[in-house]
Amino acid sequence: MELSINKILKKDLDLVVPLIMELSEYQTEESLLKSRMHEMLEQNYECFAIYLNEEVIGTFGLWFMTRHYAGKSCEADHVFIKTEYQNRGFGKEIFEYIFDYAKGKGCEMQELNAYVQNFKSHKFYMNLGYVIKGYHFLKKL
């Protein structure tokens with residue numbers, strides 16, 4: 001079984017929107033999520049679909065920016081693999097792709113956010129060499 005990763009264009013967002021909805025526990029209405037993702041693609045954001053053979057089994061997005069503390073940076077966003085495909089080593093393979101892709105774009109740092117209660121992901125990310133540097137705060141306006 002071989003993974004392939006393809007960049008998603010606006011016209012193909014329907015391939016990954018259901019996965020992002022599942023990841024976010026259906027907290028955002030589908031039409032609003034699609035609208036936001038279309039807008040994100042106009043910014044410094046790229047979206048990817050993860051395929052196993054011809055089935056879409058996951059997704060992730062990458063934000064590109066320059067940070068005063070990190071230089072040119074890539075932030076992984078909404079990394080998701082369907083439950084039935086987890087714990088097969090695909091996560092490590094996906095992050096190797098992300099690291100290589102970001103380096104290819106001249107990035108010096110790779111960042112991500114993880115939900116506080118997602119302890120399993122914390123261990124996974126630390127095994128990849130990430131360190132916890134702070135908290136991510138949100139305030140609804």
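It should be noted that the structure appears before, not after, this text.
What you see is a predicted model; the values in this text were computed from it and never measured. (Residues numbered from 1 in each chain as written. Predicted model: local features only at pLDDT ≥ 70, side-chain atom pairs only at ≥ 80, totals over all residues. Heavy atoms only, no water.)

## Some details on the sheet that holds strand β5 (residues 109–112)
Think of a sheet as strands paired side by side through backbone hydrogen bonds, with each pair either parallel or antiparallel. How we decide: Here, a strand pair is defined by DSSP locating no fewer than two bridges between the strands. Comment: elements are numbered from the N terminus, with helices defined as DSSP H or I runs of at least four residues and strands as E runs of at least two. To get an axis, a line is fitted to the C-alpha atoms, and for a helix only the part in contact is used. The angle between two axes follows their N-to-C directions and goes from 0 to 180 degrees.
Spatially, β1-β2-β3-β4-β5 is the arrangement adopted by the 5 strands of the open sheet, whose pairing is mixed. Taken across any chain shown, the strands that pair with only one partner, and hence form the sheet edges, are β1 (3–8) and β5. Each adjacent strand pair in this sheet contributes to an overall mean axis angle of 30°, direction not counted.

## Some details on the side chain of Glu46
Basically, it comes down to this: Two N or O atoms form a polar contact when they lie within 3.5 Å of each other; inside protein one atom must be a possible hydrogen donor and the other a possible acceptor, and for residues adjacent in sequence the pair counts only when both atoms belong to side chains. Here, residues are in contact when the closest pair of their heavy atoms is within 4.5 Å.
Structurally, Glu46 can be placed in strand β2 (residues 45–52). Within the structure, Glu46 has its side chain in polar contact with the side chain of Tyr101 (distance 2.4 Å). In terms of polar contacts, Glu46 uses its side chain to reach the side chain of Lys105, at 2.5 Å. The residues contacting Glu46, other than those within four sequence positions of it, are Lys7, Leu41, Phe60, Gly61, Leu62, Phe64, Tyr101 and Lys105.

## Details of the pattern of salt bridges
Here is the rule: For this analysis, a salt bridge means a side-chain nitrogen from Lys or Arg found within 4 Å of a carboxyl oxygen belonging to Asp or Glu. Exposure categories follow from relative accessible area, calculated using a 1.4 Å probe and restricted to protein chains: below 20% of the type maximum is buried, above 50% is exposed, and the middle band is partly exposed.
This model, assessed by the stated rule, comprises 9 salt bridges. Here Arg67 ties to Glu75 by a salt bridge, and the two come within 3.0 Å at their closest N and O atoms. The exposure class of Glu75 is buried, given its relative accessible area of 13%. We note a salt bridge from Glu111 to Arg67, for which the minimum N-O separation is 3.2 Å. Pair noted here: Glu111 is in strand β5 and Arg67 is in strand β3 (residues 55–67), with a separation of 44 residues, a long-range link. Classification of Arg67 as partly exposed rests on a relative accessible area of 25%.

## Here we look at the nonpolar core
Soluble, globular proteins show a tendency: their nonpolar side chains are buried together. The criterion, for reference: Nonpolar core, defined: a set of buried Ala, Val, Leu, Ile, Met, Phe, Trp, Tyr and Cys residues in which side-chain atoms within 4.5 Å join the residues together.
In this structure, Ile57, Phe60, Leu62, Phe90 and Ile94 are the most contacted members of the largest nonpolar core, which totals 22 residues. Ignoring anything within four residues of it in the chain, the contact list for Phe60 reads Ile5, Glu46, Cys47, Phe48, Ile50, Asp77, His78, Val79, Ile94, Tyr97 and Ile98. Counting residues in each nonpolar core, the second largest holds 17 residues, with Leu13, Leu33, Tyr45 and Cys47 among its members.

## So, the pairing of β5
Rule in force here: Seen with the strands pointing away from the viewer, any crossover whose path from the first strand over the helix to the second strand runs clockwise is right-handed.
Note: strand β4 (residues 71–81) against β5, 4 bridges, orientation parallel. If you follow Glu75 over to β5, its bridge partner there is Glu111. At this point the chain moves from β4, through helix α3 (residues 90–104), to the parallel β5, and the crossover so formed is right-handed.

## Considerations on helix α4 (residues 119–127)
Put simply, the rule reads: The directions considered for the arc are those from the helix axis to the C-beta atoms.
Among the residues of α4, those classed as buried are Ser121, His122 and Tyr125. Take α4 and look down its axis: the buried residues cluster within an arc of 105°, on one side only. Of the exposed residues in α4, those oriented more than 90 degrees away from the buried face are Phe119, Lys120, Lys123 and Asn127. In this fold, the buried residues of α4 make contact with β4, α3 and β5.

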